[in-house]
Amino acid sequence: MLAYVLRRFAYSIVVLFLATVLVFVLVAESGNPLAILLSNPRVSHRTILEREKLLHLNLPLWDRYWIWFSHAVRGDFGLTISNHAVGPELWQHFAITLRMIIPATIIAILAGVGMGVYAALRNGRVGDRASMTANFLFLSIPTFVIGVVLKEFVAIPINQHVNRTIFYTSGEQSPSLTGNVVQRLPDYVAHTALPVITLVLITYSSWAIYQRSATLDAIDSDYVRLARAKGLHPRRVLTRHVVRNALIPVTTVIALDFAAVLGGAIITENVFNWQGMGTWFIFGVGQLDINVVLAYLLVTAVAIIAFNLLADVLYGLLDPRIRYD
Amino acid sequence: MGKGELVRLMNLTKWAVGLASAGLVMAACSSSGSGGSSTGSSQSVKSGGSITYALDENLAGFNINTSAAAEFVLQEVLDQVWPTVFNADQNGTPFLNTELVSSVTQTSTNPQTLVYKINPKAKWSDGQPIDAFDFWYNGMIQSGASSITDIDGKAPDVASSAGYNQIKSVTGSDPANGAACKSDSVTGITGSISCGNGDTVTVTFSAPYADYKALFSPMVPAHEAAKVGWNTGFTDWHTVLSGSWYEISNYVENQYVVLKKNPSYWGTPGKLDTITFQIFNGDQQAVPAMQNGEVQVIQPLELDLATVQQANQLTGVTRKLIGGFQYQHIDFNQSDPYLAMTPVRQALAYGTDRKQIVARTIGEYDPSIVPLGSRMYVPGQTGYVNNGSAFETVDVAKAKSLLQSAGMTMGSDGYFQPSSGPQKGQDLTFTLKSTSGNTLRANIEQLLQAQWKAIGVKLEIQNETASTLFGTDLPKGQFQITLFAWVATPFVSANEAIFCSYTNSSLCGENWNHYANPQVDKLLTNGAAATSSQSETNDYNQADKLLWQDMATLPLFQEPVFTVWSNKYGNIVPNPTNFGIPWNANLWGLKAS
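Residues numbered from 1 in each chain as written. Chains lettered and ligands numbered in written order. Predicted model: local features only at pLDDT ≥ 70, side-chain atom pairs only at ≥ 80, totals over all residues. Heavy atoms only, no water.

Caption draft 1: Focus on the nonpolar core. By size, the foremost hydrophobic cluster in this structure holds 75 residues, and its most contacted members are B:L59, B:V85, B:Y116, B:F135, B:Y137 and B:F216. At seven residues, the largest contribution of residues to this core is made by helix α3 (residues 132-141) of chain B. Discounting residues that sit within four places of it in the chain, B:V85 has contacts with B:F95, B:L96, B:N97, B:L100, B:V101, B:V104, B:Y116, B:F135, B:L215, B:F216 and B:S217. A:W68, A:F94, A:V200 and A:I254 belong to the second-largest nonpolar core, a separate cluster that totals 65 residues. (Core = buried A, V, L, I, M, F, W, Y, C linked by side-chain atoms within 4.5 Å. Buried < 20%, exposed > 50% of the residue type's maximum accessible area, 1.4 Å probe, protein only. Helix = DSSP H or I, 4+ residues; strand = E, 2+ residues; numbered from the N terminus. Contact = heavy atoms within 4.5 Å.)

Here you go:
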């Protein structure tokens, strides 16, 4: 197992390195981030040269990459084109995104597993069909549509009806929020509710479908038939033999999807005006800010690689039949 | 950098240059104004309360005078924070901030000499007086002189040296309360000011600078900059001292800026206790936020029918569409052998149904917009004349006749074919470059394709990112026809850089079309030096007539500025200039019931 993990880790480092090279070249060749200044005759040549020097735009591409790489391995991601340190900005935006996706993932896991098991137990009946219809509906509706519908047809009417703000439609928190965490919590919840619900709806549905399928497989398995034949209580059969085994494939799917959610919260962040990683990335791409784009890439790539590895390891731990050579 | 940012950066630059040019007509007299507190105040409001305004872009820092942070949204935030000698009202008319400077007098024209009388009560929020040292530092650091550095030895990042590079000296005199003169200096700047604590500032120019009203607007605190530096010292909001009605009380990057009343302000205080600028990822989310009561003022930059319709559903608000200073236009690159021929450009103009373009784009939500008849003024602005009436109605026959006169023959497929040049014997085809991802321009392009097909000209579309179009293609002349927006500021001398002969590369750096006409040059120069508003308007309109005659560019339409605000607040007056709507936010308040 350890040898397998180390081998995967080594591959991942190579993949990560190649990804940074590719993205660096693509962004660097996309245009000049100082183009607007260059087209403005009132910005002096001296200012342009100084900005170029500061951003290392005056150096050959590989020298620029090497500067970025040598700083990145030390945890320093350089400056944005507006002269801000990338590192603190990265962690600030990352923390905001985590505030959204951690509760969303926890709720989605509970909802996905619960709905999947429920649908499997009601296989072919109304509950199953209703559940599957909802799952496919949420799976097929674009994220921004869910977000806008929640804002326009749920949050705003409710707020107007009760004449106070229960749900906020933009931002992570109210400006100048004061007090301790407990005092600030209601404001956080009011801001977080809609984006979390949106993420839950687009995430839980596929997990529920997986869970339903895995549960049905487990119900039809020999070991469950044997457990029933031995006269075990149906609840014990369900919890110890059906759900436990059915969770194995779903666990790996969830581990893989978590990393995707991290990178994929871009639309939700935009709809609800959250200044998370996704918004920051879009801004970086728009500005051709290579250090911002690469910092985003590194975090999401590391998350994807780590969660892929975690999924593999979990699979082996949960299913003793799996052996790693 | 998105197109909005580009346009706003251009706005900002043009405004900065243009602001003072309105003052050309008063160049020889003392300036006084309606003051910082008497403009835009017509409703009775009470003190106290708060308001939230939706900003549609992130802030890149707080020193708006650096190229790294020169953004319209930052100007909106700083309207009420950093002191400005001249502001611009809702009509684009500059007025003196008399609470800061009681008068600005031009005492000599050769050399041009200006005397600023600072209000002795004026001070920064840390208690330091606003004095001649601030004028000296702001003048020197933005001069662009190679000998001047920031405190760390690096070259200062300056958004524009225009005007500052013509300042010969800044001296101080008359310290408050008869105090003795005190010398001030800053690391990196050669020399010092002998009476930095003076309340009278004398600025002498090495060459006349008619746009002097653009200078010292805004000013950074010299004593603070001397400690933290110009380039990066003001990226931290804590160093942003106030010299105006409000000060920054909180800033969370990319989320919001909160202003509160500046307790050290010496003049009439602002009405509201706090003004919050909430930062949005673009404009789409601002309307629902307003509907939900999270913001009380919005001014979408990316205006479209859907946004207006969405805003029309809001209740308890005031909506206002006013003519803006930004206009869409088509440019012809005269380095192209066919577009170098005036009849070809005129033919394209006669073949362009501008009324149809207006009706099918911006006219869907603002029926008051008409085809633009001037490059110097916009409808509703003093001096506006429709100089392009000859091109107001599409004339296919005349367009075809002009193409024939330019040596084109009609092919069997309905397209003209040049008899010489690189397209000899082929269908006459032009490529239009614009910015990708802009729905308005994409719609115009499609309409143009159909309209020019009717006159026998093929049009191909090749859109680029804003950074490629404005960073490479236009400055290097790598285009035939382009479509984008300029800002026709109320300060028309700013147009000189666009329309004077391209051969003068230092002055006419934005003439990417290789257009040259000495008569136009002369009229633009005369306009900038005019001593009466009448002769100024005449000169610019004469220049515009020649530009129509030469068909240097084809103006399409002025774009409206759309503002929505809650009816609970009074004295909110949309301002199409680059001060933006917060230009008079010190007067905003909850309506007295």
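Now that the structure has been shown, we can carry on.
Caption draft 2: Region of interest: the packing of aromatic side chains. Residue and element names in this part refer to chain A. Evaluation of the coordinates by the stated rule reveals 26 aromatic pairs over all chains. For the ring pair F24 and Y65, a centre distance of 5.3 Å and an interplane angle of 85° mean the geometry is edge-to-face. Residue F24 is located in helix α1 (residues 2-28), and its partner Y65 is located in helix α4 (residues 61-72); the two are separated by 41 residues in the primary sequence. Look at F24 and you get buried, because its relative accessible area is 3%. (Phe/Tyr/Trp six-rings, centres within 6.5 Å; stacked < 30°, edge-to-face > 60°.)

Caption draft 3: Just the packing of helix α7 (residues 342-350) of chain B against helix α9 (residues 396-405) of chain B, in detail. All names here are of chain B. Following both chains from N to C, one finds α7 and α9 inclined at 165°, their axes separated by 8 Å at the closest point. With respect to α9, the axis of α7 lies roughly antiparallel. Remark: the crossing between α7 and α9 carries left-handed chirality. For the pair α7 and α9, contact is made by P343, V344, Q346, A347 and Y350 and by K398, A399, L402, L403 and S405, respectively. Tallied by class, the residues present in the contact of α7 with α9 amount to seven nonpolar, two polar and one charged. (Axes fitted to C-alpha atoms, helices over the stretch in contact; angles between N-to-C directions. Parallel < 35°, antiparallel > 145°, perpendicular 65-115°, else oblique. Left-handed = near helix turned anticlockwise from the far one by under 90°. Nonpolar A, V, L, I, M, F, W, Y, C, P; charged D, E, K, R; others polar.)

Caption draft 4: Looking closely at the sheet that holds strand β1 (residues 45-46) of chain B. Judged by pairing direction, the sheet is antiparallel, and its three strands sit side by side in the order β1-β21-β20 (chain B) without closing on themselves. Both edges of this open sheet fall to β1 and β20 (569-570) of chain B, since each of them pairs with a single strand only. (Pairing = 2+ DSSP bridges.)

Caption draft 5: Main features of the side chain of B:R375. Residue and element names in this part refer to chain B. Mapping R375 onto the fold places it in the loop between α8 (354-360) and α9. Side-chain polar atoms of R375 contact the side chain of D544, separated by 3.0 Å. Here T553 takes part through its backbone oxygen, which lies 2.4 Å from a polar atom of the side chain of R375. (Polar contact = N/O pair within 3.5 Å; in protein donor to acceptor, adjacent residues only side chain to side chain.)

Caption draft 6: Expanded view of the interface of chain B and chain A. Taken together, the 59 residues of chain B in the interface contact 49 residues of chain A. Both faces combined, the contact of chain B with chain A buries some 4200 Å², and carbon together with sulfur accounts for 46% of it. On inspection of chain B and its partner chain A, the count reaches one salt bridge. For B:D157, the salt bridge goes to A:R51, with nearest N and O atoms at 3.7 Å. Remark: the boundary between chain B and chain A carries twelve residue pairs in polar contact (both at pLDDT 80 or more). For the side of chain B that touches chain A, the elements supplying multiple residues, two or more each, are α1 (3-18), β9 (246-252), β10 (256-261), β11 (274-279), α5 (286-291) and α11 (466-473) of chain B. When residues of the side of chain B that touches chain A are assigned to their parent elements, the largest contribution, six residues, is made by α1(B). Here the side of chain B that touches chain A is composed, by residue class, of 26 nonpolar, 26 polar and seven charged. (Buried area = accessible area lost by both parts, 1.4 Å probe. Salt bridge = Lys/Arg side-chain N within 4 Å of Asp/Glu carboxyl O.)

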